[in-house]
Amino acid sequence: MRRVSIFGATGSIGESTVDLLMRRDDIAVVALTGGRNVARLAEQARALRAEVAVTAFDECLEPLRDALAGTGIEAAAGTEAVIEAACRPADWVMSAIVGAAGLAPGLRALERGATLALANKESLVTAGPLMMATAQAHGGTLLPVDSEHSAVFQALVGEDIAAVERVVITASGGPFRDWPADRMARATLEEAMNHPSWSMGQRITIDSASMFNKALELIETHEFFGIPPDRIEVLVHPQSLVHALVGFADGALMAHIGPADMRHAIGYALNWPARAALPVERLDLARIGTLSFEAPDPARFPALRLAREVMQTGGHAGAAFNAAKETALDAFIAGRLPFAAMAEVVEATLEHLAADTGLEAPVKSLDTVQAMDQMARQAAAGLIAGRPTP
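What counts and how
Residues numbered from 1 in each chain as written. Predicted model: local features only at pLDDT ≥ 70, side-chain atom pairs only at ≥ 80, totals over all residues. Heavy atoms only, no water. Axes fitted to C-alpha atoms, helices over the stretch in contact; angles between N-to-C directions. Helix = DSSP H or I, 4+ residues; strand = E, 2+ residues; numbered from the N terminus. Parallel < 35°, antiparallel > 145°, perpendicular 65-115°, else oblique. Left-handed = near helix turned anticlockwise from the far one by under 90°. Contact = heavy atoms within 4.5 Å. Nonpolar A, V, L, I, M, F, W, Y, C, P; charged D, E, K, R; others polar. Buried < 20%, exposed > 50% of the residue type's maximum accessible area, 1.4 Å probe, protein only. Pairing = 2+ DSSP bridges. Patch = residues over 30% accessible without salt bridge, like charges linked within 9 Å, V, L, I, M, F, W, Y side chains within 5 Å. Areas by Shrake-Rupley, 256 points an atom, 1.4 Å probe, with all protein chains shown as cover. Salt bridge = Lys/Arg side-chain N within 4 Å of Asp/Glu carboxyl O. Lys, Arg positive; Asp, Glu negative; His and termini not counted. Charge placed at Lys NZ, Arg CZ, Asp CG, Glu CD. Core = buried A, V, L, I, M, F, W, Y, C linked by side-chain atoms within 4.5 Å.

*Asks:* Quick one: what's the story with the packing of helix α1 (residues 12-21) against helix α2 (residues 38-48), residue by residue and with numbers?
*Replies:* Where α1 contacts α2, the axes come no closer than 11 Å and their chain directions differ by 20°. One way to sum up the angle between α1 and α2 is to call them roughly parallel. When the axes of α1 and α2 are compared, the crossing they make is left-handed. Contact residues: Glu15, Val18 and Leu21 in α1; Arg40, Gln44 and Leu48 in α2. Residue classes in the contact of α1 with α2 are distributed as three nonpolar, one polar and two charged.

Right, here's the structure in full:
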């Protein structure tokens, strides 16, 4: 019986993971964590007979306890409780917490030698060398769950990484793929949430609209596979069926094609190294007919340029980039920052920190990553406060 935990169980990736686990009888669930949706967290915990359910928010503990009363399932709350849950013995851990908050629990799981299914791209963006070194030192395994990185991972099975000439990750283009820059600058929260291909949570959907999500994935590709930045490309692919392509030294391109359903990448990680039947659509390519690709417009999506600068800088630049992005995103959601200004704030934050603190120092510990995270959030918040209210 495999022991499994899900961190971020009530988000879109977590829900898809729960769906797959509900179809199996060979798995024991150790821990589920979530945010403020304690009713759903408790429902999941009861359905999967989890040992413990944890909300990240202290004030949500009593409602969670009430929802689990009489079940024998332990309830806990707070950041430290989430980390403690990651220290419990589970063989396979889904890391689906959104944002930098997913880093510490993921590291704890790797320190136990667990297999970490990584949907929290921020872990590699902020602390890629630390994540990879921790896995190697403790016998842990990192498996990618982002659809693009799962696709690359699958395309590389049986291949020599030295023969890889380039990696192409795809982007849907989001809701603003064809919008002119001046219209994008005035985009509303509702418009940014109208994703044409994927059903995701609020934050990742907005990141997709700005292509900050793809910017994070560029950095993640570099950190996970060790591919040089100049060999990683982005193509806009509106159909969202080709998730990535790997180009080899002989000119061949290996493409991974699958439905826009995260249960495929999750299921691959859950069953790895084997493959198992999954409840996903089987594509009818004759009906689909056409797959199209185009280069992203760097002027309308400056996040991609910023990601390449971060990769060139290395060190703690990824932590600063992500923290500034999260702070700017919070401000956009709150109506305090225009859509196009998010990239401006991130760029200004990176310039400020590069001048004042330097960003190139190697990532060696969680403490230094968290310190840079806090500095970047404070710098970005100051820049946002100094702007006129939209």
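*Asks:* Residues and numbers for helix α10 (residues 202-210), please.
*Replies:* Think of an α-helix as 3.6 residues a turn; residues three or four steps apart then line up on the same face. Burial in α10 covers these residues: Thr205, Ile206, Asp207, Ser208, Ala209 and Ser210. Each element contacted by the buried residues of α10 is listed here: α9 (189-192), α11 (212-225), α14 (303-313), α15 (317-333) and α16 (341-356). Remark: Met211 follows α10 within two positions and exhibits a positive phi of approximately 65°.

*Asks:* Got a sec to walk through the sheet that holds strand β9 (residues 232-236)? Specific residues and values, please.
*Replies:* Strand order in the open sheet formed by four strands is β9-β8-β10-β11, and the pairing between neighbours is mixed. On the outer flanks of this sheet lie β9 and β11 (253-257), each paired with one strand and no other. Averaged over all pairs of adjacent strands, the angle between strand axes in this sheet comes to 20°, irrespective of strand direction. Bridge count between strand β10 (residues 242-248) and β11: five bridges; the pairing is antiparallel. Across the sheet, Leu245 pairs through a bridge with Ala255, a residue of β11.

*Asks:* Which residues make up the sheet that holds strand β7 (residues 141-144), and what are the values?
*Replies:* The sheet built from seven strands is open, its strands ordered β4-β3-β2-β1-β5-β6-β7 with parallel pairing. Of all the strands in the sheet, the pair left with one neighbour each is β4 (74-77) and β7. Taking the axes of each pair of neighbouring strands and ignoring which way they run, one obtains an average angle of 20° across the sheet. Of the strand pairs in this sheet, strand β6 (residues 115-118) and β7 are connected by four bridges, and their pairing is parallel. Residue Leu116 lies in a different strand from β7, and its bridge partner there is Leu142.

*Asks:* Just give me the short version of unusual backbone geometry, but keep the residues and values in it.
*Replies:* Negative phi characterises most residues that are not glycine, and trans characterises most peptide bonds. For the bond from Trp272 to Pro273, the omega torsion is 10°, close enough to zero to count as cis. By the secondary structure assignment, Pro273 is in the loop between α12 (263-271) and α13 (285-288). The phi dihedral of Arg49 is positive, around 55°, even though this residue is not glycine. With respect to the helices, strands and loops of the structure, Arg49 is situated in the loop between α2 and β3 (52-55). A positive phi is found at Met211, a non-glycine position, where the angle reads about 65°. Tracing the chain through its elements places Met211 in the loop between α10 and α11.

*Asks:* I'd love a proper account of a negative patch on the surface, names of residues and values included.
*Replies:* On the surface, a cluster of negative charge is made up of Glu159, Asp160, Glu165 and Asp250. Structurally, Glu165 is set in strand β8 (residues 164-171). Here Glu165 falls in the partly exposed class, since its relative accessible area comes to 42%.

*Asks:* An account of a nonpolar patch on the surface is needed here, citing residue identities and associated values.
*Replies:* A surface patch of nonpolar side chains, about 320 Å² in accessible area, is lined by Ile257, Leu285, Leu291 and Phe293. Among the secondary structure elements, Leu291 is positioned in the loop between α13 and α14. By relative accessible area, which is 31% here, Leu291 ends up partly exposed.

*Asks:* If you had to explain the nonpolar core to someone new, which residues and values would you point to?
*Replies:* Core analysis: the biggest nonpolar cluster contains 133 residues, and Leu32, Met94, Met131, Phe321, Phe339 and Met342 have the highest contact counts within it. At 10 residues, α15 tops the list of elements feeding residues into this core. Setting aside residues no more than four positions away along its own chain, Leu32 makes contact with Ile6, Ala9, Leu41, Gln44, Ala45, Leu48, Ala50, Val52, Ala53 and Val54.

*Asks:* I'd like a rundown of helix α4 (residues 79-86), residues and numbers included.
*Replies:* Of all the positions in α4, only Ala81, Val82, Ile83, Ala85 and Ala86 are classed as buried. Buried residues in α4 make contact with β1 (2-7), β2 (27-34), β3, β4 and α5 (103-111).

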